[in-house]
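Letter by letter, the chains look like this.
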Amino acid sequence: MKRTIAIYPGSFDPPTNGHVDIIVRAAKLFAKIIVAVTDNSNKNPTFTLAQRMEVLRKSTVHLPTVSVECFSGLLVNYLERKRAVAIIRGLRAISDFEYEFQMALMNRRLNRKAETVFLMPDEANTYLSSSLIKEISRLGGSTRGLVPPSVEKLLQNKRP
Ligand code: ADP
């Protein structure tokens, strides 16, 4: 797998230590990782595309083979354009499995070359999700140690 490019797509709204955990693991397996932030306005993100991309760049600055881009449209078309061979997705719990399984098979149906590779984060990151982070912060709780420091600042600015 060492000579190949993999795409790690997601909304990253906002990025958490769980996302960074997956990026670090993927970077050990593939020659190049493109973290692809979805520019999907239907999802009505809390953070702007620029904010999400900047945080991801800062959090992966120590990983020279990782780049951060944005994409819209079908993931399999983007994969083809980038000459990537794999889609990286994180699996936290059984509850992730059904949706991820469906997406992986649909992507392969759309492009038979599109393989999805699932990686598990450290146990300490398995209960982390972007939506839970936003909820904790909104209710005044601390997110220290759960998200990159730049995300903590963004969350603080969002507080009423
Ligand atoms: P999407 O809207 O595409 O699901 P997310 O940003 O929520 O985007 O997630 C992107 C990927 O990262 C998904 O595969 C998700 O399962 C994975 N992921 C999210 N949080 C974690 C975590 N704490 N640990 C490992 N993987 C995670």
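Notes on the structure in this doc start here. (Residues numbered from 1 in each chain as written. Predicted model: local features only at pLDDT ≥ 70, side-chain atom pairs only at ≥ 80, totals over all residues. Heavy atoms only, no water.)

### Observations concerning the packing of aromatic side chains
No. 1: Evaluation of the coordinates by the stated rule reveals 3 aromatic pairs.
No. 2: Plain terms: the ring middles of Phe 71 and Tyr 78 are 4.9 Å apart, the flat faces sit at 25° to each other, and that makes the pair stacked. A single burial state applies to Phe 71 and to Tyr 78, both of which are buried.
No. 3: A ring pair is formed by Phe 97 and Phe 101, whose centres lie 5.2 Å apart and whose planes are at 25°; its orientation type is stacked. Taken together, the residues span about one helical turn, with Phe 97 and Phe 101 both in helix α4 (residues 94-110) at a distance of 4 residues. (Phe/Tyr/Trp six-rings, centres within 6.5 Å; stacked < 30°, edge-to-face > 60°. Buried < 20%, exposed > 50% of the residue type's maximum accessible area, 1.4 Å probe, protein only. Helix = DSSP H or I, 4+ residues; strand = E, 2+ residues; numbered from the N terminus.)

### Section: the side chain of Glu 100
No. 1: Here Glu 100 is to be found in helix α4.
No. 2: Classification of Glu 100 as buried rests on a relative accessible area of 7%.
No. 3: Polar side-chain contacts of Glu 100 include one of 2.8 Å to the side chain of Arg 89.
No. 4: Setting aside chain neighbours within four positions, we find Glu 100 in contact with Arg 89, Gly 90, Leu 91 and Phe 118. (Polar contact = N/O pair within 3.5 Å; in protein donor to acceptor, adjacent residues only side chain to side chain. Contact = heavy atoms within 4.5 Å.)

### So, the pairing of strand β1 (residues 5-10)
No. 1: Of all 6 residues in β1, 6 are buried, a share of seventy percent or more.
No. 2: Going residue by residue along β1, you find Ile 5, Ile 7 and Pro 9 tucked away on one face and Ala 6, Tyr 8 and Gly 10 tucked away on the opposite face as well.
No. 3: As judged from the 6 bridges shared by β1 and strand β2 (residues 32-38), these two strands associate in the parallel manner. Residue pairing in the sheet places Ile 7 in a bridge with Ile 34 of β2.
No. 4: The parallel pair β1 and β2 is bridged by helix α1 (residues 17-29), and the resulting crossover is right-handed.
No. 5: Pairing of β1 with strand β4 (residues 86-90) involves 2 bridges; the strand directions are parallel. Bridge pairing links Ile 7 to Ile 87 in β4. (Pairing = 2+ DSSP bridges. Right-handed = clockwise from strand over helix to strand, strands pointing away.)

### Re the site of the ligand
No. 1: Taken together, 17 residues lie near the ligand, and Tyr 8, Ser 11, Phe 12, Lys 43 and Gly 90 sit nearest.
No. 2: The separation between a nitrogen atom of the ligand and a polar main-chain atom of Asn 125 is 2.9 Å.
No. 3: Out of a free accessible area of 550 Å², the ligand has 89% covered by protein chains.
No. 4: Comparing atom positions with the cavity grids shows the ligand to sit within the largest pocket.
No. 5: Breaking the shell around the ligand down by element, the ones donating at least two residues are β1, α1, β4 and α4.
No. 6: Taken together, the residues that form the shell around the ligand break down as 6 nonpolar, 6 polar and 5 charged. (Near = heavy atom within 4 Å. Areas by Shrake-Rupley, 256 points an atom, 1.4 Å probe, with all protein chains shown as cover. 1 Å grid on protein atoms, 1.4 Å probe; cavity = no way out; pocket = protein on both sides within 12 Å on 5 of 7 lines; lining within 4 Å. Sits in = over half its atoms within 2 Å of the grid points. Nonpolar A, V, L, I, M, F, W, Y, C, P; charged D, E, K, R; others polar.)

### As for the layout of surface pockets
No. 1: Put simply, the largest pocket is a space of about 1,100 Å³.
No. 2: As for the largest pocket, its lining consists of 41 residues, of which Pro 9, Gly 10, Ser 11, Lys 43 and Arg 89 are closest to the centre.
No. 3: Mapped by element, the contributors of at least two residues to the lining of the largest pocket are β1, α1, β4, α4 and α5 (130-138).
No. 4: Taken together, the residues of the lining of the largest pocket break down into 16 nonpolar, 16 polar and 9 charged. (Points joined across faces, edges and corners; volume = space filled by probe spheres on them.)

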